[in-house]
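Coordinate analysis (summary)
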Amino acid sequence: MDNLGGILSVLLIAGLVLAINFAAVPDEGALVVGLSVVALVAGAGFFWRQRRAPNPLYDLHVAGRRTFWVAACAGIIVFGSMMGSAFVSQQYLQNVLRYNPVEAGAAILPLVVMMVLVAPRSAKLVETRGARTTLLTGYAFLFLAFGWMLLFWDEDSSYWQIGVAYVLIGIGAGFAGTPASHSLTGSVPVRRAGMASGTADLQRDLGGAVMQSIMGVLLTAGYASAFSAAIAASPRARTCRTRSRAS
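Residues numbered from 1 in each chain as written. Predicted model: local features only at pLDDT ≥ 70, side-chain atom pairs only at ≥ 80, totals over all residues. Heavy atoms only, no water.

Re the nonpolar core
In terms of nonpolar packing, the biggest core is built from 26 residues, with Leu-93, Tyr-99, Trp-153, Ile-162, Tyr-166 and Ile-169 touching the most fellow members. Among the elements of the structure, α4 (66-95), α5 (101-107), α7 (131-152) and α8 (159-186) are those that each provide at least two residues to this core. Each residue touching Trp-153, except ones within four places of it in the same chain, is listed here: Ser-89, Tyr-92, Trp-148, Gln-161, Ile-162, Ala-165 and Tyr-166. One finds Ala-71, Ala-72, Leu-184 and Met-195 within the second-largest nonpolar core, a separate group that totals ten residues. (Core = buried A, V, L, I, M, F, W, Y, C linked by side-chain atoms within 4.5 Å. Buried < 20%, exposed > 50% of the residue type's maximum accessible area, 1.4 Å probe, protein only. Helix = DSSP H or I, 4+ residues; strand = E, 2+ residues; numbered from the N terminus. Contact = heavy atoms within 4.5 Å.)

Brief notes about the environment of Asn-100
By the element assignment, Asn-100 lies in the loop between α4 and α5. Taking the C-alpha atoms as reference points, Asn-100 and Ala-140, 40 residues apart in sequence, are found 31 Å from one another. At 3.0 Å, the side chain of Asn-100 forms a polar contact with the backbone nitrogen of Val-102. A polar atom in the side chain of Asn-100 sits 2.7 Å from the backbone nitrogen of Glu-103. (Polar contact = N/O pair within 3.5 Å; in protein donor to acceptor, adjacent residues only side chain to side chain.)

Notes on the layout of surface pockets
Its boundaries defined by the atoms lining it, the largest pocket holds a volume of some 750 Å³. The wall of the largest pocket is formed by 21 residues, among which Val-88, Tyr-92, Val-96, Trp-153 and Leu-219 lie closest to the centre. A total of eight residues in the lining of the largest pocket trace back to one element, the largest contributor, which is helix α9 (residues 193-233). In terms of residue class, the lining of the largest pocket is built from 14 nonpolar, five polar and two charged. In this structure, the second largest pocket occupies an estimated 630 Å³ of space. Lining the second largest pocket are 19 residues, and of these Phe-46, Phe-47, Tyr-58, Leu-202 and Leu-206 lie nearest its centre. (1 Å grid on protein atoms, 1.4 Å probe; cavity = no way out; pocket = protein on both sides within 12 Å on 5 of 7 lines; lining within 4 Å. Points joined across faces, edges and corners; volume = space filled by probe spheres on them. Nonpolar A, V, L, I, M, F, W, Y, C, P; charged D, E, K, R; others polar.)

Describing the environment of Arg-66
Structurally, Arg-66 can be placed in helix α4. Residue classification places Arg-66 among the exposed residues on the basis of a relative accessible area of 63%. Counting along the chain gives twelve residues from Arg-66 to Val-78, while the straight-line C-alpha distance between them is 18 Å.

What about a nonpolar patch on the surface?
On the surface, a cluster of nonpolar side chains totalling about 250 Å² of accessible area is made up of Ile-7, Leu-11 and Val-38. Structurally, Ile-7 is set in helix α1 (residues 3-22). (Patch = residues over 30% accessible without salt bridge, like charges linked within 9 Å, V, L, I, M, F, W, Y side chains within 5 Å. Areas by Shrake-Rupley, 256 points an atom, 1.4 Å probe, with all protein chains shown as cover. Salt bridge = Lys/Arg side-chain N within 4 Å of Asp/Glu carboxyl O.)

Points about the confidence of the model for the protein chain
Caution is warranted with low-pLDDT regions, since their predicted coordinates should not be read in detail. Averaged over every residue, the pLDDT of the protein chain is 85; residues scoring 70 or more account for 96%. Looking over the protein chain, one finds the lowest element-wise mean pLDDT in helix α10 (residues 235-246), namely 64, and the highest in helix α2 (residues 29-52), namely 93. (pLDDT = per-residue confidence, 0-100.)

With respect to the pattern of salt bridges
Applying the stated criterion to the full structure yields two salt bridges. A salt bridge links Arg-49 to Asp-2; its shortest N-O distance comes to 2.8 Å. One end of the pair, Arg-49, is in helix α2; the other, Asp-2, is in the segment before α1, and 47 residues separate them in sequence. Under the relative-accessibility criterion, Arg-49 is labelled partly exposed at 22%. A relative accessible area of 6% means that Asp-2 is categorised as buried. Between Asp-201 and Arg-204 there is a salt bridge, and its shortest N-O distance comes to 2.7 Å. Of the two residues, Asp-201 and Arg-204 both sit in helix α9, three residues apart, roughly one turn of that helix.

Here it is as structure tokens:
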């Protein structure tokens, strides 16, 4: 077992995810820089180790194949977008639209249903049109979903406006998930089948962690900015500024 490679991979991912999460915290710039340095050093050490280990944790010669790394990145984007949007939308449904936890959980069911319905058709589309076309089709639906959220999700949105976005995400993830996994397993030799299977899990775990962190940071920064602006515009704040200038 490549134990050193495993330790370096943990430091790499932990440093990256924590650095993203602390990016929106005030007065934590030094911590963010420190965590980023840890991630960079661990990443460099991991790649160095994998090229020299007799039994590497991750075979970089296989991972360097275009079919493999493109499929891995595609899966990270697809599953990460799905998990990140689910995380942020639950805050929106409960804190803005005042759904209770059961209602907010049930609201996401169209996403699950569409994934189940579309995934078999995605496999057929891979056979007839190829993985690239199928993957781009999934990306197109994800793009439409985020565009829909941007345009139609506000303080008084009805459920049909919420549900349409989840339907589009489910269709996009259903189309894109199959070619991402298919390309991974089809681009490795039999002796590295475990690596392909592990990467398929990594797509969901790493993609979810990174995209939830990024979207969470954006949500936190946007909320803090709006909250500060609301405080600054309040009558009491204007009175305090007037008194301060007068004194």
